[in-house]
Amino acid sequence: MRLFAAVLPPDEAIRELASTVHALDRLPGADGMRWTTRPGWHFTLAFYGEVDEEVVPDLSERLARAARRTEPFRLSLHRGGRFGGRALWVGASGDVAAMGLLADRAESAGRKAGVETGEHRSYRPHLTLARSSRGAADFRPYVAALEVFAGREWTVGELSLVRSRLPRSGVPGEQPRYETVGRWGLGADG
């Protein structure tokens, strides 16, 4: 299974973002990008890649423990940025330090369960909106448009383990499919 740990924004935050993305989708050059869709809007905390099914129970127990050790925190979708000419994203504001701690704990849970998580990087909360489809894209106008975006704040109350199924049909524009395979409430009462 191809798995990752994530924070999933609530429907209200997704609706706000969808309205903004709809406006971005009309900027010049937007048709040359691969836009992610609502089911794919999430904050990846730790990417595990292909994980054997036998490992999932141990990983799940460790993620449950990580969730219990992390208190609920406030977050909102906020502004945007780019990773060079490869990807456009929206960021977060609020208690991003708590989300960084949860990301570290999710990564540690994977390592302790025997999942190869790759090189540790400093966590940078982002939700990917679009990727370049051919070479590098000029995301500067999109980042400028996102400069004023500020969604409403919500309380992050759970950690999710998500399975992604990559497209296999070869149909242009086909998106990965996501399935939440585990959810754990944050905090001692979670």
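Please refer to the structure higher up on the page.
**Some thoughts on the sheet that holds strand β5 (residues 87-94)**
Backbone hydrogen bonds are what pair the strands of a sheet, in a parallel or an antiparallel way.
Working step 1: Spatially, five strands are ordered β2-β6-β5-β4-β7 in an open sheet, and the strand pairing comes out antiparallel. Of all strands in the sheet, those bounded by a partner on one side alone are β2 (33-35) and β7 (154-156). On average, each strand axis in the sheet is inclined to that of its neighbour by 40 degrees, with strand direction left out of account.
Working step 2: Packing of helix α1 (residues 11-24) onto the sheet brings it into contact with β2, β4 (73-83), β5, β6 (127-132) and β7, and relative to β6 it is tilted by some 25 degrees.
Working step 3: Seen against the sheet, helix α3 (residues 96-112) touches β4 and β5 and runs at an angle of roughly 85 degrees to β4.

**Regarding the side chain of Thr128**
Working step 1: On the secondary structure map, Thr128 appears in strand β6.
Working step 2: Residue class for Thr128 comes out buried when judged on its relative accessible area of 16%.
Working step 3: In this structure Thr128 touches Thr36, Trp41, Leu88 and Trp89, once residues within four positions along its chain are discounted.

**Quick notes on the nonpolar core**
Working step 1: Ranked by size, the top nonpolar core spans 52 residues in total, and within it Trp35, Tyr48, Leu63, Leu88 and Leu129 carry the most contacts.
Working step 2: With residues near it in sequence (within four places) discarded, Leu88 still touches Leu24, Trp35, Gly81, Arg82, Leu127, Thr128, Leu129, Ala130, Phe139, Tyr142, Val143 and Leu146.

**Describing a negative patch on the surface**
Working step 1: On the surface, Glu50, Asp52, Glu53 and Glu54 cluster together into a negatively charged patch.
Working step 2: Tracing the chain through its elements places Glu53 in the loop between β3 (43-50) and α2 (56-68).
Working step 3: Given the relative accessible area of 55%, Glu53 is considered exposed.

**What about the pattern of salt bridges?**
Working step 1: Inspection of every chain in the model, using the stated rule, returns eleven salt bridges.
Working step 2: One salt bridge connects Glu61 with Arg65, and the closest N-O pair in it is separated by 3.8 Å. Of this pair, Glu61 and Arg65 are both found in helix α2, four residues apart, which corresponds to roughly one turn of the helix.
Working step 3: Classification of Arg65 as partly exposed rests on a relative accessible area of 37%.
Working step 4: A salt bridge links Glu153 to Arg74, with the shortest nitrogen-to-oxygen separation between them at 3.2 Å. In this pair, Glu153 sits in the loop between α4 (140-146) and β7 while Arg74 sits in strand β4, placing the two residues 79 residues apart along the sequence.

**A closer look at the packing of aromatic side chains**
Working step 1: In this structure the tally under the stated criterion is four aromatic pairs.
Working step 2: An angle of 80 degrees between the planes, with centres 6.0 Å apart, marks the rings of Phe4 and Tyr178 as edge-to-face. Of this pair, Phe4 sits in strand β1 (residues 2-7) while Tyr178 sits in strand β9 (residues 177-185); the two residues are 174 residues apart in sequence, bridging distant segments of the chain.
Working step 3: Relative to Trp89, the ring of Phe83 has its centre 5.6 Å away and its plane inclined at 35 degrees; by these criteria the two rings are tilted.
Working step 4: Taken together, the aromatic side chains of Trp35, Phe139 and Tyr142 make up a single cluster linked through ring pairs.

**Regarding unusual backbone geometry**
Working step 1: Phi at Arg79 is positive, roughly 55 degrees, even though this residue is not glycine.
Working step 2: In this structure, Arg79 sits in strand β4.

Cut-offs and rules
Residues numbered from 1 in each chain as written. Predicted model: local features only at pLDDT ≥ 70, side-chain atom pairs only at ≥ 80, totals over all residues. Heavy atoms only, no water. Pairing = 2+ DSSP bridges. Helix = DSSP H or I, 4+ residues; strand = E, 2+ residues; numbered from the N terminus. Axes fitted to C-alpha atoms, helices over the stretch in contact; angles between N-to-C directions. Contact = heavy atoms within 4.5 Å. Buried < 20%, exposed > 50% of the residue type's maximum accessible area, 1.4 Å probe, protein only. Core = buried A, V, L, I, M, F, W, Y, C linked by side-chain atoms within 4.5 Å. Patch = residues over 30% accessible without salt bridge, like charges linked within 9 Å, V, L, I, M, F, W, Y side chains within 5 Å. Areas by Shrake-Rupley, 256 points an atom, 1.4 Å probe, with all protein chains shown as cover. Salt bridge = Lys/Arg side-chain N within 4 Å of Asp/Glu carboxyl O. Lys, Arg positive; Asp, Glu negative; His and termini not counted. Charge placed at Lys NZ, Arg CZ, Asp CG, Glu CD. Phe/Tyr/Trp six-rings, centres within 6.5 Å; stacked < 30°, edge-to-face > 60°.

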